[in-house]
Amino acid sequence: MTIKDLIAKAKEVSSKAYAPYSNYKVGAALLTKSGKVFTGCNVENSSYGLTNCAERTAVFKAVSEGEREFIELVIYVDSDSLPVPCGACRQVLSEFCSNLKITVISNKEQLETTIKELLPLRFKL
Ligand code: THU
């Protein structure tokens, strides 16, 4: 699975986003240590706070299928601004991966980072 494949999958799933309120359609592709890819899109709600972000959808799909070890995440948005994960998603991602590589892509630019860089100190029980 190459980064190009992951980008293609993130783009493809962004078309499934349910985003009638923001019109900000996000797609995420999460590569597991075992070589599987789980995709996710954002799912909004008329009660805005119930919205689920694309990367959390992907993580929850993976964990519910028994996968907990992640290597790489690509997040794409059909917009000009970079879809850098929100604080809630950083915390969720950090629960499972201390060393996750993250690539964020918009229609204008691309950036590579890590969960360590985005959330150097995570909340932990
Ligand atoms: N969103 C994501 O999917 N991922 C993020 O990390 C930040 C925001 C979604 C949630 C909402 O549907 C839309 O982007 C605008 O906030």
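Residues numbered from 1 in each chain as written. Predicted model: local features only at pLDDT ≥ 70, side-chain atom pairs only at ≥ 80, totals over all residues. Heavy atoms only, no water.

A short note on the environment of Glu 95
Under the convention used in this document: Runs of E in the DSSP output that reach at least two residues are strands. Runs of H or I that reach at least four are helices, and both are numbered from the N terminus. The rule is simple: take the accessible area with a 1.4 Å probe, protein chains only, and divide by the maximum for that residue type; under 20% is buried, over 50% is exposed, in between is partly exposed.
Inspection of the secondary structure assignment puts Glu 95 in helix α3 (residues 87–96). Residue Glu 95 is classed as partly exposed on the basis of its relative accessible area of 48%. Sequence separation of Glu 95 and Thr 32 is 63 residues, and the distance between their C-alpha atoms is 14 Å.

What about the sheet that holds strand β4 (residues 101–105)?
As a reminder of what qualifies: Pairing between strands is defined by DSSP: at least two bridges between the two strands are required. Working convention: axes come from line fits to C-alpha atoms, limited for helices to the stretch in contact. Angles between N-to-C directions cover 0 to 180 degrees. When checking whether two residues touch, look at their non-hydrogen atoms; a contact exists if any pair is within 4.5 Å.
Taking strand neighbours across the sheet as the criterion, the 5 strands line up as β2-β1-β3-β4-β5 in an open arrangement whose pairing is mixed. At either margin of the open sheet sits one strand with a lone partner, and together these are β2 (37–41) and β5 (110–114). The sheet shows a mean angle of 15 degrees between the axes of neighbouring strands, direction not considered. Where β4 and β5 come together, 5 bridges link them in antiparallel fashion. Bridge pairing links Ile 105 to Gln 110 in β5. Along the sheet, helix α2 (residues 54–64) makes contact with β1 (26–32), β2 and β3 (70–77), crossing β2 at roughly 140 degrees.

Examining the side chain of Glu 44
Cut-off, in case you're wondering: Here a polar contact is taken to be a pair of N or O atoms separated by no more than 3.5 Å, where protein atoms must pair a possible hydrogen donor with a possible acceptor and residues adjacent in sequence count only if both atoms sit in side chains.
Position of Glu 44 relative to the elements: it lies in the loop between β2 and α2. A polar side-chain atom of Glu 44 sits 3.0 Å from the main-chain amide nitrogen of Tyr 21. Polar side-chain contacts of Glu 44 include one of 2.5 Å to the side chain of Ser 22. Other than its neighbours up to four places away in sequence, Glu 44 contacts Tyr 18, Ala 19, Pro 20, Tyr 21, Ser 22 and Thr 51.

As for the pattern of salt bridges
Selection criterion: Salt bridges, as used here, are contacts in which a Lys or Arg side-chain nitrogen is within 4 Å of a carboxyl oxygen on Asp or Glu.
Within this structure, the stated rule accounts for 5 salt bridges. Lys 36 is the salt-bridge partner of Glu 67, the closest N and O atoms lying 3.1 Å from each other. Placement of Glu 67 in the loop between α2 and β3 and of Lys 36 in the loop between β1 and β2 is noted, with a sequence separation of 31 residues between them. You can call Glu 67 buried: its relative accessible area is 11%. For Lys 101, the salt bridge is made with Glu 72, and the minimal N-O distance between the two is 3.1 Å. Here Lys 101, found in strand β4, pairs with Glu 72, found in strand β3; they are 29 residues apart in sequence, far enough to count as distant.

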